[in-house]
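# Coordinates in review
Next come the chains, spelled out residue by residue.
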Amino acid sequence: MTNHPHSRSWLEASLVYLKPPVIAMLFLGFSAGLPFLLVFSTLTAWLRDVNVEVAAIGFFSWIGMIYSIKFFWAPVVDRLPLPGLSRFLGQRRSWMLLAQATIAAGLVGLAHVDPTASLAAVAGFALLVAFGSATQDIVIDAFRIESAAEDVQAAMASTYIIGYRGGLLAAGAGALYVADLASWYWAYLTMALLVGIGMLTVLLRPEPPRSPLGVQLIHEPQVRAFLRATRGRSRLWRRVGAWTIGAVVCPFTDFFRRYGRKALWLLLLVGLYRISDLSMAAMANPLYIDLGFSLSQIANVTKVFGILMSIAGGILGGILVVRYGIGPMLVAGALIVALTNLLFAALASVGAEMPMLVITIMGDNLANGLASTVFIAFLSSLTSRAYTATQYALFSSLMTLPGKFIGGFSGVVVASQGYVTFFLLASLLGIPAIVLAWVIARDRSLVPMGKAVSNA
C-alpha cells in the first residue's frame, strides 16, 4: 500500500526516526564530524597555544582543500574492492573501516608530535587525517543512499547532521577541555579513541545490497562498446579500460543521460543553493566581536544554543520532507536561508543586544539545519545507485565551492561597505537559488512532488 507524502500523519512521519538505518546514521555522522575540527580550529588553537607563529598557522587552512577535491578519488572508492577486506565486510564497509583507521592513525601521530620541533610532521599527519576524513565522507554518503529507500533519506540526513554536530562538539569543546585538564597529547589520543564509535557502527550494520562490479560494468553500453572495439588486445588492457570507463566516465555520462539539458540547471542549483549562507559564514564571528559581545557570550549562544537549534532544524526538516515531499521543502529551505541573513543585518544595526543575538542565532541555525537536511535528501534523489559515491562526491564538492570562493572576498566588502550592507548583499545572493528551486520543484521529472512512498 502506498500513500502520498502529505497524507501521512505527523506521528507516522516521526516514526521514521526509529528505523535502524536512520539510527545508524547518528553514529556515522558523529564519525564524520569528529576529524573535521581536529585539522582546523582545534589544531590552530593548539598551534597558537604553543606559540607557533600566526603566519605559519594560516597555511594550515589549505588542508581544507582536500575536502573540495575528493571527487578525484571517489571513482576508486566507488568501484574498487579492497583485497581481503571487501570479501568479508563488503565494499562500502571495508572502505569505511580503512578510512576510519587512517583517521585514527593520523590522530595518534598528531598526539605524539611536538609542533615547536616539527611543523612539517604536524602538517603531514593533519593531511593524513583530512584525507581519511574526506574518504570516509565519500563512503558514508554512498552507504546512506544505498541503505534505505528515498522516502527515508531525509530522516537519515537529519540524524547524520545531528551526529555530525555531536562530532564537532567532541572535537571542538571536548578536545579543548581535555587539553586544558590534561594536555594536547591526551586530547588527540582521546579523539583517536572516539573514532572507535564509527568503527563499531560499521561492524554492526549490514552491507547495503549492490550488484558485483563485473555485473555492473557489463551492463554499461559504453563498456560493452569498448570491449567490442578492443577485441584482440591484451586482457589487462581491456580490464583496465573497462574499469576506467565504468568508474570514471559512466558516472558523469549517466547523470547527463538521465536529465539531458536539465542536468545543467540541476548543477547550477547545486552550486547556488548554499551560496547565501556559505558566503557570509566567515564574517559572523567578526561581527559578534566588533559589536562588543564577550567570547563567553559568543560561545554560549553560537556554539551550545546554536548547535541545539541546528539539530532541531534538521529533525524538523526530516519530518517535513516525509510529510510534504522534497519539492516544496526545497523551495522553503532556499527561502528561509536567504531571509535569515537579514537577521544578521538587523543585529549589526541594533548593536550588542543579547535578545537580538539569540534571535539571530536561533533563526540562522534552524534555517541551516532544515535546509541542509532537505538539500541532502534532494542530492540523494539525483544520485544513481549505480554510482553513488562518485556522483554524490561531485555534488557535495560543487555545493561548497562557489560559496567558499565568494566568501574569500567577504572581508573586503565589510571593510568598504560595513556589516549591514554585506549581509543584505549575502541575502540577495540567495534569490537565484530560490527561483531555481521553485522552477525545478515544479518539474515532476526532477522532483516528483506527489511521489508515492511505501509505508513499510
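Calculation criteria
- Residues numbered from 1 in each chain as written.
- Predicted model: local features only at pLDDT ≥ 70, side-chain atom pairs only at ≥ 80, totals over all residues.
- Heavy atoms only, no water.
- UniProt positions renumbered as here; feature names shortened; annotations may be inferred.
- Helix = DSSP H or I, 4+ residues; strand = E, 2+ residues; numbered from the N terminus.
- Buried < 20%, exposed > 50% of the residue type's maximum accessible area, 1.4 Å probe, protein only.
- Contact = heavy atoms within 4.5 Å.
- Lys, Arg positive; Asp, Glu negative; His and termini not counted.
- Charge placed at Lys NZ, Arg CZ, Asp CG, Glu CD.
- Axes fitted to C-alpha atoms, helices over the stretch in contact; angles between N-to-C directions.
- Left-handed = near helix turned anticlockwise from the far one by under 90°.
- Nonpolar A, V, L, I, M, F, W, Y, C, P; charged D, E, K, R; others polar.
- Salt bridge = Lys/Arg side-chain N within 4 Å of Asp/Glu carboxyl O.
- Phe/Tyr/Trp six-rings, centres within 6.5 Å; stacked < 30°, edge-to-face > 60°.
- Domains from an automatic or database assignment.
- Buried area = accessible area lost by both parts, 1.4 Å probe.
- Polar contact = N/O pair within 3.5 Å; in protein donor to acceptor, adjacent residues only side chain to side chain.
- Patch = residues over 30% accessible without salt bridge, like charges linked within 9 Å, V, L, I, M, F, W, Y side chains within 5 Å.
- Areas by Shrake-Rupley, 256 points an atom, 1.4 Å probe, with all protein chains shown as cover.

- The protein chain appears in an unreviewed UniProt entry as PAT family beta-lactamase induction signal transducer AmpG from Modicisalibacter xianhensis.
- Of the protein chain, the UniProt comment under Subcellular location (unreviewed entry) reads exactly: "Membrane".

## Remarks on the overall build of the protein chain
- Within the protein chain, the secondary structure is distributed over 24 helices and two strands.
- Over its C-alpha atoms, taken along the principal directions, the protein chain stretches across nearly 70 × 55 × 45 Å.
- In the protein chain, which comprises 456 residues, the share counted as buried stands at 53%.
- Considering only contacts in the protein chain between residues 6 or more positions apart, those separated by 24 or more positions represent 81%.
- Across the protein chain, the mean location of the 31 positive side-chain charges is 16 Å away from that of the 19 negative side-chain charges.

## Some thoughts on the packing of helix α9 (residues 119-147) against helix α21 (residues 388-407)
- Across the interface, α9 lies against α21 with an axial gap of 8 Å and an inter-helix angle of 115 degrees. In terms of crossing hand, the pair formed by α9 and α21 is right-handed. Across from Ile-138, Asp-141, Ala-142, Arg-144, Ile-145 and Glu-146 in α9, the residues of α21 making contact are Thr-388, Ala-389, Tyr-392 and Ala-393.
- Class assignment of the residues belonging to the contact of α9 with α21 gives a composition of six nonpolar, one polar and three charged.

## Considering the pattern of salt bridges
- In the structure shown here, the tally under the stated rule is seven salt bridges.
- Here Lys-262 makes a salt bridge to Asp-443, at a shortest N to O gap of 2.8 Å. With Lys-262 in helix α15 (residues 262-272) and Asp-443 in the loop between α24 (431-441) and β2 (453-454), this residue pair connects regions lying 181 residues apart in the sequence.

## Details of the packing of aromatic side chains
- Throughout the structure, instances matching the rule amount to 16 aromatic pairs.
- The interplanar angle of 80 degrees and the centroid separation of 5.7 Å between the aromatic rings of Phe-255 and Phe-256 together place this pair among those described as edge-to-face.
- Among the residues examined, Phe-255 registers a relative accessible area of 4% and is labelled buried.
- You can call Phe-256 partly exposed: its relative accessible area is 37%.
- Judged by centre distance (5.0 Å) and plane angle (70 degrees), the rings of Phe-422 and Phe-423 are edge-to-face.

## Some words on the domain arrangement of the protein chain
- Structurally, the protein chain comprises domain 1 (12-210), domain 2 (213-258) and domain 3 (260-442).
- Computed from C-alpha coordinates alone, the two centres of domain 1 and domain 3 are separated by 23 Å.
- Listed as interface residues are 33 residues of domain 1 and, on the opposing side, 31 residues of domain 3.
- The contact between domain 1 and domain 3 buries some 2700 Å² in all, and 66% of this surface belongs to carbon and sulfur atoms.
- Our count for the domain 1 to domain 3 interface comes out at zero salt bridges.
- Summed over the shared surface of domain 1 and domain 3, the result is ten residue pairs in polar contact (both at pLDDT 80 or more).
- Only α1 (10-14), α5 (65-68), α6 (74-79), α9 and α10 (150-181) provide two or more residues apiece to the side of domain 1 that touches domain 3.
- Among the residues forming the side of domain 1 that touches domain 3, the class breakdown is 18 nonpolar, four polar and eleven charged.

## Some thoughts on the environment of Leu-394
- By secondary structure assignment, the location of Leu-394 is in helix α21.
- Since its relative accessible area comes to 24%, Leu-394 is described here as partly exposed.
- For the pair Leu-394 and Lys-70, spaced 324 residues apart in the sequence, the C-alpha separation amounts to 8.0 Å.
- Those residues in contact with Leu-394 that sit more than four places away from it in its chain are Phe-71 and Phe-252.

## Description of a nonpolar patch on the surface
- Judged by side-chain polarity, Leu-425, Leu-428, Ile-431, Val-435, Trp-438 and Val-439 come together as a nonpolar surface patch covering roughly 570 Å² of accessible area.
- Breaking the nonpolar patch down by element, the ones donating at least two residues are α23 (419-428) and α24.
- Looking at the nonpolar patch element by element, the count peaks at four residues for α24.
- Note that Trp-438 resides in helix α24.
- A relative accessible area of 47% places Trp-438 in the partly exposed class.

## So, the side chain of Ser-133
- Following the sequence through the fold, Ser-133 ends up in helix α9.
- The exposure class assigned to Ser-133 is buried, which follows from its relative accessible area of 0%.
- For Ser-133, the residues in contact, after removing those within four places along its chain, are Ala-32, Pro-35, Tyr-67 and Ile-103.

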